[in-house]
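# Descriptive analysis of the structure
Chain residues, written in single-letter form:
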Number of protein chains: 2
Amino acid sequence: MIIERIKGLFAGQLLGKQVTVAGWVRTRRDAGSFSFIEVNDGSTLANLQVIAERTLTNYEDEIKRLTTGCSVVITGELKESPAKGQAVEVLADVVSVVGWADPESYPLQKKRHSFEYLREISHLRPRTNALGAVARVRSHLTHAVHRFFQQRGFFHIHTPVITTSDCEGAGEMFQVLTASEAARKGALPEQGKGFFGKPAGLTVSGQLQAEVYAQALGRVYTFGPTFRAENSNTSRHLAEFWMLEPEMAFCDLSCNMDLAETLLRFLLADVLAECAEDMALFDRFVAQGVIKRLQHIVDNDFIRITYTEAVDRLLSSGKSFDFPVSWGVDLQSEHERFLTEEVYGLPLIVTDYPAAIKPFYMRVGDDGTTVAAMDILVAGIGEIVGGSQREERYDVLLARMQHLGIDDVDYQWYLDLRRYGTVPHSGFGLGFERLVQLVTGMPNIREVIPFPRTPGYAPC
Amino acid sequence: MIIERIKGLFAGQLLGKQVTVAGWVRTRRDAGSFSFIEVNDGSTLANLQVIAERTLTNYEDEIKRLTTGCSVVITGELKESPAKGQAVEVLADVVSVVGWADPESYPLQKKRHSFEYLREISHLRPRTNALGAVARVRSHLTHAVHRFFQQRGFFHIHTPVITTSDCEGAGEMFQVLTASEAARKGALPEQGKGFFGKPAGLTVSGQLQAEVYAQALGRVYTFGPTFRAENSNTSRHLAEFWMLEPEMAFCDLSCNMDLAETLLRFLLADVLAECAEDMALFDRFVAQGVIKRLQHIVDNDFIRITYTEAVDRLLSSGKSFDFPVSWGVDLQSEHERFLTEEVYGLPLIVTDYPAAIKPFYMRVGDDGTTVAAMDILVAGIGEIVGGSQREERYDVLLARMQHLGIDDVDYQWYLDLRRYGTVPHSGFGLGFERLVQLVTGMPNIREVIPFPRTPGYAPC
């Protein structure tokens with residue numbers, strides 16, 4: 001018995017044929033001598049309408065008792081549907097009930113549930129229209145990322161989660177210990193001790209390791225989970241999130257910006273074309289106008305300005321901000337959103353930030369005060385990409401590390417990349433959940449990752 | 001200036017054109033009035049031969065000083081090569097030296113280095129032929145995995161690394177703590193305390209969470225890092241490794257085996273076709289005959305036997321094993337390899353293992369003593385896939401958990417999947433490094449992951 005996926009049936013090739021589908025009941029309603037059963041199998045947002053006539057042997061005993069969430073296997077003829085809004089329906093010969101879902105206790109009923117409520121049942125929420133659509137779109141975007149890079153000759157590198165380097169030199173790292181180490185007093189192992197022979201934590205970025213491979217294979221990307229042990233309980237932060245980080249040898253800041261812009265516009269165009277049904281749901285029920293906003297990004301070049309220009313623009317706006325602006329301060333979310341939403345109305349690439357507010361590995365400019373950084377800001381999200389040209393000059397990098405008090409003993413391997421066959425190279429990090437938020441319009445980041453991890457919260 | 005990738009140049013379209021390439025010197029040798037420079041940019045295994053004539057302005061000062069590992073940018077005409085073994089070469093107009101690599105200290109020289117030595121310089125080892133080839137093949141296999149599943153309507157689900165469930169009920173889990181928690185006495189947080197409100201560790205499998213999504217979207221897969229805090233210092237174990245885990249609703253053990261076999265044969269056929277140059281290197285220098293062995297797997301159906309048949313076959317072999325065989329014991333690597341290498345000469349799917357040696361979530365057979373498990377064994381590796389049909393019956397699952405002393409309070413969400421709309425479902429785990437070992441023939445698992453993590457060892 002071949003089970004067809006409902007998405008395939010809507011394509012229509014099997015019209016007039018006997019088909020078998022398997023999925024979950026979304027709703028059922030009686031209509032005289034038969035029941036309409038709406039079945040969903042997750043392959044697509046739309047339900048398949050099944051007509052179960054009362055002549056079926058289990059009609060009274062089972063079919064009439066079907067409620068939201070029950071699982072069924074149905075065999076019948078695929079027919080053109082006279083109803084509007086759907087191309088096909090199935091006239092059932094057999095409706096087998098596989099699993100019941102007691103309507104007294106099943107937490108998902110036909111009504112709309114709030115996202116907050118659904119978060120309390122994160123093992124059931126992908127069965128809803130909105131969270132199912134998010135999961136499909138997230139999967140599609142993941143694959144689009146791989147297609148983009150593989151087609152361009154990039155190699156995917158699995159950089160490690162457990163690390164002994166702290167890339168940003170900031171942001172608290174989660175510590176990794178064995179159970180017996182954790183049970184001891186002062187659990188953090190000393191140098192030369194512990195499972196790995198030194199203290200180990202969860203990576204905050206795969207960049208430094210990606211640089212190793214960029215200087216061997218030329219163009220690479222890493223795409224995996226990254227971590228922050230910050231006690232931030234906001235709609236924008238997760239303790240575990242996915243980050244995409246390409247890294248390119250022989251690539252300067254301009255090349256880096258071009259790649260990031262091309263990537264973002266490719267991903268948005270791709271998801272608009274390939275996930276139209278799920279996107280229509282977001283546009284209608286989650287974030288009105290989101291499709292138009294994404295198309296606007298696809299259709300227009302990003303604006304590129306320097307940090308200095310951005311600060312001038314903010315100062316001359318006459319607007320009062322919660323965080324006052326002056327040259328040298330980091331841009332806050334309110335500044336970023338004002339610039340991209342109110343001033344330019346397009347994604348904005350801001351370059352050449354003050355060295356003092358950026359990490360040690362960014363390339364110092366000729367002025368000695370800025371670095372070759374670039375952040376991409378988008379409406380509604382703020383920073384979605386942060387990148388830079390890396391400092392490839394051994395002496396300059398070493399001096400900067402010493403200036404910042406970074407112990408170069410731990411970074412000899414990183415310095416070696418500048419000691420032997422160094423090349424200009426660049427890369428960036430794209431916060432994948434922020435991308436999924438941009439695409440779906442979901443207001444809270446906890447809705448765009450299957451099992452969010454935040455302070456006090458790690459379901460399943 | 002457009003920098004061409006060397007892989008593209010070997011395709012030949014730019015013959016007769018002025019091109020620019022950028023990469024690293026592998027070797028240089030003088031030949032009268034010019035130097036041959038072999039340049040590699042990582043896009044492909046083969047080096048591009050560059051001819052630098054002594055008339056170049058920096059010939060004496062720079063070109064003659066080029067040694068292994070120096071980085072260069074070269075512009076010149078792409079010509080047909082008269083030399084055998086290469087189709088094209090570049091006659092250089094400009095050879096710019098970007099970064100030097102002092103031959104006195106650069107750890108990689110023209111000679112072959114042992115894999116053990118290269119492990120001590122894991123930030124430089126991808127610059128070697130063998131480790132570069134492994135990285136390219138690993139990237140290709142990763143993408144082939146995604147293509148395989150996406151083409152078949154599976155959705156990629158990012159299951160969490162930080163988890164409060166221990167899927168296998170065995171294998172020591174790494175604990176995750178904030179730095180301040182780790183510094184306290186008896187660092188493990190109590191229930192209701194700690195960053196996540198309960199003890200958290202690094203996942204040993206994404207299966208349980210994948211089951212959540214399989215029962216919403218039908219067919220899903222998770223593919224990411226997993227962890228074991230075992231103190232195993234062998235050529236087969238890593239503390240951090242990648243695992244691929246598909247999970248399918250409405251799929252029994254037979255469907256599960258079909259998918260796993262189709263996947264493995266697809267991946268091997270794909271890498272043989274698409275990575276022929278790198279595969280030839282492994283076949284020649286790492287594992288003679290590996291191409292033929294992989295083709296043999298692609299060309300033949302896998303053998304399927306039950307555990308009981310496997311035990312009978314081992315008992316009747318007359319062979320003496322280090323671990324004695326009897327019905328009820330787990331198969332050891334020596335048994336697995338004997339069966340697949342000496343008895344059948346093909347990959348072997350062993351099914352229906354004793355319940356007592358398998359985890360709680362596997363579906364109990366009608367006999368009450370076996371479970372619907374399946375392991376795939378391949379020559380040289382042993383177990384490469386482990387899977388099962390999952391127990392979908394609420395009462396049976398609960399009884400099994402209680403029998404094993406698993407606290408069902410932590411697994412209410414997992415039991416809910418059987419309470420509401422339960423369906424027969426199956427899945428498996430494929431150890432990705434074992435796959436890369438099978439493909440490349442690399443004897444030690446530490447060579448097939450970019451930055452291996454093992455007891456006492458976590459470079460970069």
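Residue numbers run consecutively from 1 along every chain, following the written order of its sequence. A letter from A marks each chain and a number from 1 marks each ligand, given out in the order of writing. Local features in a predicted model are, by the rule used here, given only for residues with pLDDT of at least 70; side-chain atom pairs are given and counted only at 80 or more, and totals for whole chains, interfaces and linings are based on all residues. In computing side-chain values, all of the structure's heavy atoms are included and hydrogens and water are not.

By the naming in an unreviewed UniProt entry, chain A is Asparagine--tRNA ligase, taken from Desulfofustis glycolicus DSM 9705.

A few words on the domain arrangement of chain A. The parts lose accessible area when they come together, and the size of an interface is often stated as this lost area. Residue and element names in this part refer to chain A. Throughout, the edges of the domains are those of an automatic or database domain assignment. Annotation of chain A at the domain level lists domain 1 (6–99) and domain 2 (125–447). Note on definitions: a residue-residue contact is assigned when non-hydrogen atoms from the two residues lie within 4.5 Å. Contact with domain 1, which involves six residues of that partner, is made by seven residues of domain 2. Here domain 1 packs against domain 2, burying approximately 600 Å² in sum over the two surfaces, 40% of which is carbon and sulfur. Any Lys or Arg side-chain nitrogen found within 4 Å of a carboxyl oxygen on Asp or Glu counts as a salt bridge. If you look at where domain 1 meets domain 2, you find zero salt bridges. N or O atoms closer than or at 3.5 Å make up a polar contact, with two conditions inside protein: a donor-capable atom paired with an acceptor-capable one, and, for residues adjacent in sequence, both atoms drawn from side chains. Where domain 1 meets domain 2, there are six residue pairs in polar contact (both at pLDDT 80 or more). The residue inventory of the side of domain 1 that touches domain 2, partitioned by class, reads two nonpolar, three polar and one charged. Joining two parts hides part of their accessible area as seen by a 1.4 Å probe, and the buried area is that hidden amount summed over both. Under the scheme applied here, ten amino acids are nonpolar (Ala, Val, Leu, Ile, Met, Phe, Trp, Tyr, Cys and Pro), four are charged (Asp, Glu, Lys and Arg), and all others, including Gly, are polar.

Take the relation of the copies chain B and chain A next. In the superposition of chain B on chain A (RMSD 0.0 Å, axial shift 0.0 Å), the rotation amounts to 180°. Accordingly, the operation relating the two chain copies is best matched by a two-fold axis. To line up the copies, we fit them by least squares on C-alpha atoms, keeping just the residues with pLDDT of at least 70 in both.

Residue and element names in this part refer to chain A. For helices, the fitted axis covers only the stretch in contact; all axes are lines through C-alpha atoms, and the angles between them, taken along N-to-C directions, range from 0 to 180 degrees. Numbering of helices and strands starts at the N terminus; helices are DSSP runs of H or I of at least 4 residues and strands are runs of E of at least 2. In contact at an axis separation of 9 Å, helix α11 (residues 394–403) and helix α12 (residues 412–419) are set at 155° when each is read in the N-to-C sense. The angle between α11 and α12 places the two elements in the roughly antiparallel class. The segment α11 lies against α12, with Tyr-394, Leu-397, Leu-398 and Met-401 engaging Tyr-414, Leu-415, Arg-418 and Arg-419. For the contact of α11 with α12, the residue count by class is six nonpolar, no polar and two charged. To sort the angles, those under 35 degrees are grouped as roughly parallel, those over 145 as roughly antiparallel, those from 65 to 115 as roughly perpendicular, and the leftovers as oblique.

The next thing to look at is the pattern of salt bridges. All names here are of chain A. All chains considered together, the criterion is met by 36 salt bridges over all chains. Glu-447 is the partner of Arg-119 in a salt bridge, and the nearest nitrogen-oxygen pair spans 2.8 Å. In this pair, Arg-119 is assigned in helix α2 (residues 115–119) and Glu-447 in the segment after α13 (432–440), connecting sequence segments 328 residues apart. This pair shows no difference in class: Arg-119 is buried, exactly as Glu-447 is. The partner of Glu-447 in a salt bridge is Arg-125, with the nearest N and O atoms 3.3 Å apart. One end of the pair, Glu-447, is in the segment after α13; the other, Arg-125, is in the loop between α2 and α3 (129–151), with 322 residues separating them in the sequence. Relative accessible area serves as the criterion here: at 2%, Glu-447 is assigned to the buried category. Note on exposure labels: buried denotes an accessible area under 20% of the residue type's maximum, exposed denotes more than 50%, and partly exposed covers the range between, all computed with a 1.4 Å probe on protein chains only. Relative accessible area serves as the criterion here: at 0%, Arg-125 is assigned to the buried category.

We now examine the side chain of A:Glu447. Within polar-contact distance, the side chain of A:Glu447 engages the side chain of A:Arg125 at 3.3 Å. Sequence-distant contacts of A:Glu447, defined by excluding residues within four places in its chain, comprise A:Phe115, A:Arg119, A:Arg125, A:Leu131, A:Val134 and A:Met442.

On to the interface of chain B and chain A, then. On the chain A side, the residues contacting the 109 residues of chain B number 109 residues. Counting each side, the surface lost to burial between chain B and chain A is near 8,600 Å², with a carbon and sulfur contribution of 65%. Interface area lost by chain B to chain A is led by B:His158, B:Phe250 and B:Tyr420, which between them contribute 10%. On the surface where chain B and chain A come into contact, there are zero salt bridges.

Looking now at unusual backbone geometry. Despite not being glycine, A:Asp352 has its phi angle at roughly 60°, a positive value. Tracing the chain through its elements places A:Asp352 in strand β14 (residues 348–354). Not every positive phi belongs to a glycine, and B:Phe250 is a case in point at roughly 55°. Topologically, B:Phe250 is positioned in the loop between β12 (240–249) and α6 (253–274). Looking at B:Phe250, the relative accessible area reads 16%, which means it is buried.

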